[in-house]
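# Examining the three-dimensional arrangement
Take a look at the letters that make up each chain.
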Amino acid sequence: QHRMDNGLLLRSDVHTLFDCGYITVTPDHRVLVAKKQLKDDFDNGEPYVPFHGTKILVPERESERPLRQQLEWHNDTKFRG
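Residues numbered from 1 in each chain as written. Predicted model: local features only at pLDDT ≥ 70, side-chain atom pairs only at ≥ 80, totals over all residues. Heavy atoms only, no water.

Attention shifts here to the overall build of the protein. The helix and strand tally for the protein stands at three helices and two strands. Each helix and strand of the protein, placed in order from N terminus to C terminus, yields the pattern α-β-β-α-α. Principal axes of the C-alpha set define a box for the protein whose edges measure 40 × 20 × 20 Å. When the 81 residues of the protein are sorted by exposure, 28% land in the buried category. The contacts of the protein with a sequence gap of at least 6 include a subset with a gap of at least 24, amounting to 60%. Element-wise, carbon and sulfur atoms account for 52% of the exposed surface of the protein, whose accessible area totals about 5700 Å². Both charge centroids of the protein, one from 12 positive and one from 13 negative side chains, sit 2 Å from each other. (Helix = DSSP H or I, 4+ residues; strand = E, 2+ residues; numbered from the N terminus. Buried < 20%, exposed > 50% of the residue type's maximum accessible area, 1.4 Å probe, protein only. Contact = heavy atoms within 4.5 Å. Areas by Shrake-Rupley, 256 points an atom, 1.4 Å probe, with all protein chains shown as cover. Lys, Arg positive; Asp, Glu negative; His and termini not counted. Charge placed at Lys NZ, Arg CZ, Asp CG, Glu CD.)

For the coordinates displayed, the defined rule picks out nine salt bridges. With a shortest N-O distance of 3.3 Å, Arg-61 and Glu-64 are connected by a salt bridge. Across the salt bridge formed by Glu-72 and Arg-68, the nearest N and O atoms sit 3.0 Å from each other. Of the two residues, Glu-72 and Arg-68 both sit in helix α3 (residues 68-77), four residues apart, roughly one turn of that helix. (Salt bridge = Lys/Arg side-chain N within 4 Å of Asp/Glu carboxyl O.)

Three or more residues of helix α1 (residues 12-20) are buried, namely Val-14, Leu-17 and Phe-18. Buried residues along α1 cover an arc of 105° about the axis, so they all sit on one side. In the core, the buried residues of α1 are packed alongside β1 (23-25), α2 (35-42) and α3. (Arc of directions from axis to C-beta.)

Turn by turn, an α-helix covers 3.6 residues, leaving residues three or four places apart pointing in a common direction. All buried positions along α3 are accounted for by Leu-71, His-74 and Asn-75. Looking straight down α3, one finds that the buried residues subtend no more than 100° of arc, so they occupy a single side. Counted as exposed and oriented over 90 degrees from the buried face of α3: Gln-69 and Asp-76. Against α1, β1 and β2 (31-33) lie the buried residues of α3.

Moving on to the nonpolar core. Ranked by size, the top nonpolar core spans eight residues in total: Val-14, Leu-17, Tyr-22, Ile-23, Val-31, Val-33, Leu-38 and Tyr-48. Of all the elements in the fold, those that place two or more residues in this core are α1 and β2. (Core = buried A, V, L, I, M, F, W, Y, C linked by side-chain atoms within 4.5 Å.)

Written out as structure tokens, the structure is:
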């Protein structure tokens, strides 16, 4: 759904990797990169490795942050790592 709590503002290449499951954001707002899968599928992925483990900036208001259950769903069903 198009709602504030169901969104992440991502750079277009990172958005594509997120949609394909090569990158995810954990419920505590940390980026995870499927490093091995990127390497296996594209023989690359090095530009994204530095993002692994970094914390994203989120709005101060809880109501404007991504919903925990949406992030958990992405981690459990889409992420390839």
